[in-house]
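Below are the chains, spelled out letter by letter.
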Amino acid sequence: MTASLQVDAAQNKTSLKIDRMVFSKLDELGIPPSDPCTDEIFLRRVYLDMIGTLPTRQEAKQFLSSNGINKRSELIESLFERPEFADYWSLKWCDLLRVKAEFPSKLWPNAVQAYHRWVRTAIFNNMPCDDFARAMLTSSGSNFRVAPVNFYRAMPKREPKEIARIIALTFMGTRTDFWDEEQLLGMAAFFGQVGYKGTAEWKEEIIFFDPTLKFLHPETKEAVKAKLPDGTVVEFATNQDPRLVFSDWLVGSQIFSDNIVNRIWYWLLGRGIIHEADNIQAGNPPQNQKLLNFLSQELVRSGYDMRHIYRIILNSKTYQLASIHNEGNQADEANFSHYYPRRLGAEVLIDAICQITETTESYSSEIPEPFTFIPENQRSIKLSDGSITSPFLDLYGRPPRDTGYESERNNTPSPSQKLHLLNSTHIQKKISSNKTLMGMYSRKAKGKKKTIVAWYPEEEVIENMYLAILSRYPSAKETNQALNYIRNSDLKKWDAKIDVAWALLNTKEFIFKH
Amino acid sequence: MKTKGRVELSRREVLGYTAAGAGGMALGSPQHAAAVKAGKAKAVIQIWMWGGPSHLDTFDPKPDAGADYCGPYTAPIETNVSGIRIGQRLPLLAKQADKFSIIRSMTHGINGHETASYVTQTGRPVGGEVYPAAGAVVSRFKGVDAGYDGLLPPYIVLTQPQGRFSESGFMGLRYKPFATGGKPSAPVFTVEGVIQQGITQARQKDRRDLLHMLDTYGNKMKGNPAFEQMDLCEEQAYELILGDAGKVFDVKTEDAKLRERYGRSDFGASCLIARKLVEAGVPYVTINYRGWDSHKKHFDIMNTKLPEMDRGFSTLLDDLSQRGLLDSTIVWWGGEFGRSPKIQWEAPWNGGRSHFGKCFSHVVAGGGFQGGQIVGTSNGTGEEVADRPVYPWDLIGSIYEQLGIDTTARLPHPQGLDVRVSPTEADGVTMGGRLREIMS
């Protein structure tokens, strides 16, 4: 107990440092921060940000009624332990790693399963991120059996320059388009001996260190000297796998930890300290250098513990600001003066709708073999294969996993999305099939074994809808407005109640994280 | 609040499913405007033969190749163009052969669905960037960016998206097709989001009022730029929901005899709706026609599928022609590959045909493509291109030209890379050449 309190205190201190850096920058710029967010806002936000899942009605009630002084940080801790935490962050990493059975990664279904499971296990066990990167960069073996080797397979072109480009993007958050050619070739030389070979098993592939391969300069046709991105030229013995040398350098470098903490900041706050988060370069300086340095040091100090970074950000006042702007900060979109509202991601949105309406989605892939059928009750955030999709996910900007750029996930609204949510049979059916949401329940008839169907009073139905959809209680005004609609409409009560649920599902409060 | 003029402008911007946020893409730049000239064609109807149709059993019959190649289809039929014979299950198309040309020498050599689909629909060889499909490119140059201001989306797919690869490639969400969902042959074709059964217009309006009343957070955030786009999208969506534009999906307004000729199948209804969409000004419609991946029981499947295809496709050509739309509408028929000319009689296939990317057929009609012609030939068994290879980029490049799209124009790229509409020999791509022989 005392130990955990001490941890809490240290924790808060670290989070306070973040706030000091953010707020002093705001002070400098004369931008007033928004107010702290309320418990109900925090609850919904932190669920969506950490586990990509809405709180259930019961979870919402429980949190809102708790009086604990540490209830926010306790909630954060409990969400780390949820299986959805690993599901949701595997989804994110698999976007960046282009995990996809078909074109263009062409990992094949078995390898996708293996790779996704490996990523998820790493996140579930909180594998330090230096080990995580090192495993992907240095493993050798079968794509089915040594899952992280799939890193070298999920690329549009399997050649040293392309490998270097992808590693720079993924683990250094930098785009080699801005590099000079010799710098790229120097880095590519570390991957000139990545060999690929098939086996007798269909679609199995071995990735291995092949010392017989030579990486020649495209013009001079001479062996290219391996040169680290920091300019150091490295020589190695013939039997030494140069990937090991590179990954040792990588995980110890400043840019590696900058990249990780900047991405986490971007994922949680909707904008990178360096933005875009995968465009770290001299011409694109951090908005707050001190803050970036501090987070980077924290990552190293904690032994590359990504959860530590999540934790100190999530517990900060900065993260817990309201999204409602004030007069002085409405225009701010880079200094974190308020929480920037963002539309729910495609998978999270459909999962939320399914949870509220107690319905499911069907996913399958009949090409390539073996055919894949996803269990009906599985959440969309658990989808491992970027090739398995649905019209809904496509419509809402799920990344195609072609390139690994953060910008592939497109959360900008479109009229087609609006049409779908406002007026599609798909969504309408989900809402109207859920009798619980409309207030039906069953109870035992007195003295008999039989259960009878009963209906909650309308006020209670409205309250439950608010808790399930918006994770909060309705205000008296809102209750009255909804009641008026139900009572004064010409529609059947059932249909009028459907309309209330429909309306709540179409509010900005539901569609956005805020 | 907003001036009238500003709303108009912004609405126009969102209109055709733009969804802004396409960072760094200069819209309507001079360079882009110059990329579109008035072409012969205004629209494309793409009949996508999902799974890969057999070329031998459709447009490249080989009656002399023997039973191991023809199976039961030994008697190809004459068409209304002398010298052109097509598969025996396509008698109605035989009467329209003067309107279409057959390319019998399509080739790319890829036998995997997903990669072949990518190459055949993008007109791009594999490797490097993931390029957009032809529909997305047309949507870029003929859609909203080019001043298209219809209420209907500029790129529509009946009914399901492809899903095998990202149709809009690096160009992103903004150029994705609108997938109708639903069942075109049903009494009411419920186009997802546009047409919903059982909700009256009055209820739609009541619902909208209720939504605006209960949108507490949204009301607090009024004026916040983060939501401006969302509000415009909603306005736009309601124009479609409450307006008349969605009626284009209703085939009941058409003559019963004509509907009968198209066929009461989903494919037949899709062909009819595609015509209506083109008539309404939509520049690109894909009919995603499933069911051609016939590994097993191939001829049983062909016996039912081919007559259905024959009806819909032939009536579409005839109907477009009678309405004077064929001159400005390209109809493009084909799948990701053909099917193996040699029949697999052995178990487990029991008379099936497998994937075949080395040689296959595509068909084009209208929009400046002459009819009644054959481009290229395959060898005696349909297993090799004998003459005049046509690669997907030759065909798609020709389609772009007919539409007046400059094939050397730049495409919008999220990282600002210099990427062009069509590949050339300078990109290291083997070219068969544009289809000059049938382009007028």
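This structure is a prediction, so every number in the text was calculated from the model and none was measured.

**Thoughts on the overall build of chain B**
Here is step 1 of the chain: Along chain B, the regular secondary structure elements total 13 helices and 16 strands.
Here is step 2 of the chain: Along the longest, intermediate and shortest principal axes, the C-alpha atoms of chain B span 75 × 50 × 45 Å.
Here is step 3 of the chain: By the burial criterion, 61% of the 440 residues in chain B qualify as buried.
Here is step 4 of the chain: Across chain B, contacts joining residues at least 24 apart in sequence account for 74% of those joining residues at least 6 apart.
Here is step 5 of the chain: Between the averaged position of the 50 positive side-chain charges in chain B and that of its 48 negative side-chain charges there is a distance of 3 Å.

**Let's talk about the sheet that holds strand β4 (residues 100–106) of chain B**
All names here are of chain B.
Here is step 1 of the chain: The strand order across the open sheet formed by eight strands is β6-β5-β7-β1-β8-β11-β4-β12, and the pairing between neighbours is mixed. Looking at which strands have only one partner, the edges of the open sheet turn out to be β6 (178–179) and β12 (373–375).
Here is step 2 of the chain: Relative to strand β7 (residues 284–289), strand β5 (residues 155–158) is paired through four bridges, and the arrangement is parallel. Within β7, the position partnered with Leu158 by the bridge is Ile287.
Here is step 3 of the chain: Across the sheet, helix α12 (residues 298–322) is in contact with β1 (43–49), β4, β7, β8 (329–334) and β11 (360–365); its angle to β8 comes to roughly 165°.
Here is step 4 of the chain: Across the sheet, helix α13 (residues 392–403) touches β1, β4, β8 and β11, and the angle it forms with β8 is around 165°.

**A closer look at the environment of B:Ala67**
Residue and element names in this part refer to chain B.
Here is step 1 of the chain: Structurally, the position occupied by Ala67 is in helix α3 (residues 67–70).
Here is step 2 of the chain: In this structure Ala67 comes out as exposed when scored by relative accessible area, which is 51%.
Here is step 3 of the chain: Apart from the residues within four sequence positions on either side, Ala67 is in contact with Ile343 and Trp345.

**Things to note about the confidence of the model for chain B**
Residues and elements named next belong to chain B.
Here is step 1 of the chain: Mean pLDDT over chain B: 90, with 92% of residues reaching 70 or higher.
Here is step 2 of the chain: The low-confidence segment residues 1–31 (pLDDT under 50) makes 55 contacts with residues lying over four places distant or belonging to another chain.
Here is step 3 of the chain: The ipTM, which scores confidence in the relative placement of chains, is 0.93 for this predicted complex, and the corresponding pTM is 0.92.

**Comments concerning the pairing of β1(B)**
When a strand is regular, its side chains alternate between the sheet's two faces.
Residues and elements named next belong to chain B.
Here is step 1 of the chain: β1 sits mainly inside the fold: seven of its seven residues count as buried.
Here is step 2 of the chain: Covered by surrounding structure in β1 are Ala43, Ile45, Ile47 and Met49 together with Val44, Gln46 and Trp48, the residues of both alternating faces.
Here is step 3 of the chain: The pairing of β1 with β8 spans six bridges and is parallel. Bridge assignment links Ile45 to a residue of β8, and that residue is Val331.
Here is step 4 of the chain: Here β1 pairs with β7 via six bridges, running parallel. Its bridge partner lying in β7, Ile47 is registered against Ile287.

**Observations concerning the interface of chain A and chain B**
Here is step 1 of the chain: Listed as interface residues are 63 residues of chain A and, on the opposing side, 64 residues of chain B.
Here is step 2 of the chain: Each partner contributes to the roughly 5,700 Å² buried at the junction of chain A and chain B, and carbon and sulfur atoms together form 64% of this total.
Here is step 3 of the chain: The largest per-residue losses of area from chain A upon contact with chain B belong to A:Phe103, A:Asn423 and A:Lys508, which jointly make up 14% of the total buried on that side.
Here is step 4 of the chain: Put simply, chain A and chain B have four salt bridges between them.
Here is step 5 of the chain: Between B:Asp215 and A:Lys508 there is a salt bridge whose closest N-O contact spans 3.6 Å.

**Brief notes about the packing of aromatic side chains**
Residues and elements named next belong to chain A.
Here is step 1 of the chain: Considering all chains together, one arrives at 39 aromatic pairs over all chains under this definition.
Here is step 2 of the chain: Ring geometry for Phe42 and Phe63: centres 6.4 Å apart, planes at 35°, overall tilted. With Phe42 in helix α2 (residues 39–51) and Phe63 in helix α3 (residues 57–65), this pair connects stretches of sequence that are 21 residues apart.
Here is step 3 of the chain: Accessibility expressed as a relative area gives 8% for Phe63, which makes it buried.

**Side note on the environment of B:Phe100**
Residues and elements named next belong to chain B.
Here is step 1 of the chain: Checked against the element boundaries, Phe100 lands in strand β4.
Here is step 2 of the chain: Remark: the alpha-carbon pair of Phe100 and Val331, spanning 231 residues in sequence, is separated by 8.6 Å.
Here is step 3 of the chain: Excluding its chain neighbours within four sequence positions, the residues that come into contact with Phe100 are Phe59, Leu93, Leu317, Val363, Val364, Ala365, Gln370, Gly371, Gly372 and Gln373.

**Some details on the side chain of B:Gln121**
Residues and elements named next belong to chain B.
Here is step 1 of the chain: Mapping Gln121 onto the fold places it in helix α5 (residues 113–122).
Here is step 2 of the chain: A relative accessible area of 4% places Gln121 in the buried class.
Here is step 3 of the chain: Side chain to side chain, Gln121 and Gln46 meet in a polar contact 3.1 Å long.

**A few points about the sheet that holds strand β1 (residues 141–142) of chain A**
Here is step 1 of the chain: In space, the three strands of this open sheet follow the order β1-β3-β2 (chain A), with antiparallel pairing throughout. Each of the sheet's edge strands pairs with one partner strand only, and the pair in question is β1 and β2 (194–198) of chain A.

**A short note on the side chain of A:His514**
Here is step 1 of the chain: Among the structural elements, A:His514 can be located in the segment after β11 (512–513).
Here is step 2 of the chain: Among the polar contacts made by the side chain of A:His514, one reaches the main-chain carbonyl oxygen of A:Glu509 at a distance of 2.9 Å.
Here is step 3 of the chain: Residues within four places of A:His514 in sequence aside, it is in contact with A:Ile41, A:Arg44, A:Arg45, A:Ser323, A:Tyr339, A:Pro341, A:Lys508, A:Glu509 and B:Tyr217.

**Notes on unusual backbone geometry**
Keep in mind that most residues, glycine aside, have a negative phi and that most peptide bonds are trans.
Here is step 1 of the chain: In this chain, A:Phe103 is followed by A:Pro104 through a cis amide linkage whose omega measures 0°.
Here is step 2 of the chain: Position of A:Pro104 among the secondary structure elements: in the loop between α5 (83–96) and α6 (109–124).
Here is step 3 of the chain: At the junction of B:Leu158 and B:Thr159, the peptide bond is cis and its omega measures out at -10° in the coordinates.
Here is step 4 of the chain: Of note, B:Thr159 is situated in the loop between β5 and β6.
Here is step 5 of the chain: Here the phi dihedral of A:Lys203 falls at roughly 70°; this positive angle occurs in a residue that is not glycine.

**Some points on the nonpolar core**
Here is step 1 of the chain: Counting 221 residues, the largest nonpolar core has A:Phe151, A:Phe510, B:Phe59 and B:Met309 as its most contacted members.
Here is step 2 of the chain: Excluding residues within four positions of it along the chain, A:Phe151 makes contact with A:Leu97, A:Arg98, A:Tyr115, A:Met136, A:Leu137, A:Ile166, A:Ile167, A:Thr170 and A:Phe171.
Here is step 3 of the chain: In terms of nonpolar packing, the next biggest core, distinct from the first, is built from 47 residues, A:Phe103, B:Tyr118, B:Ile399 and B:Leu435 among them.

**Some words on the environment of A:Ile167**
Residue and element names in this part refer to chain A.
Here is step 1 of the chain: Relative to the helices and strands, Ile167 is located in helix α8 (residues 160–172).
Here is step 2 of the chain: For the pair formed by Ile167 and Leu137, sequence separation is 30 residues and the distance between their alpha carbons is 8.5 Å.
Here is step 3 of the chain: Not counting residues within four places of it along the chain, the set of residues in contact with Ile167 comprises Leu137, Phe151, Met172, Met187, Phe191 and Phe246.

The rules behind the values
Position numbers for residues start from 1 in each chain and track the written sequence from start to end. Labels are handed out in written order, letters beginning with A for the chains and numbers beginning with 1 for the ligands. Confidence filtering applies because this is a predicted model: local features only for residues at pLDDT of at least 70, side-chain atom pairs given and counted only at 80 or more, and all residues used for totals across whole chains, interfaces and linings. Side-chain numbers come from the whole structure's heavy atoms, not from hydrogens or water. What counts as a helix is a DSSP run of H or I of at least four residues, what counts as a strand is a run of E of at least two, and both are numbered from the N terminus. For every residue, the accessible area (1.4 Å probe, protein chains only) is compared with the maximum for its type, and the residue is labelled buried under 20%, exposed over 50%, or partly exposed between those bounds. Note on definitions: a residue-residue contact is assigned when non-hydrogen atoms from the two residues lie within 4.5 Å. Charged residues are defined narrowly, with Lys and Arg counted positive, Asp and Glu counted negative, and His plus the chain ends left uncounted. Positions of charges follow a simple convention, taking NZ of Lys, CZ of Arg, CG of Asp or CD of Glu. At least two bridges found by DSSP between two strands is the condition for calling them paired. For every element, the axis is a line fit to its C-alpha atoms; helices are fit only across the contacting stretch, and the angle between N-to-C directions ranges from 0 to 180 degrees. pLDDT measures the predictor's confidence residue by residue and takes values from 0 up to 100. Each of two parts loses accessible area, computed with a 1.4 Å probe, when they are put together; buried area is these two losses added. Salt bridge, as used here: a side-chain nitrogen of Lys or Arg that lies within 4 Å of a carboxyl oxygen of Asp or Glu. The criterion for an aromatic pair is that two Phe, Tyr or Trp rings (for Trp, the six-membered ring) have centres within 6.5 Å, with stacked assigned to planes under 30 degrees apart, edge-to-face to planes over 60 apart and tilted to the rest. The term polar contact refers here to a pair of N or O atoms within 3.5 Å; inside protein, the definition further demands a hydrogen-donor-capable atom paired with an acceptor-capable atom, and it admits residues adjacent in sequence only when both atoms are side-chain atoms. Residues belong to a common nonpolar core when they are buried Ala, Val, Leu, Ile, Met, Phe, Trp, Tyr or Cys residues joined through side-chain atoms within 4.5 Å.

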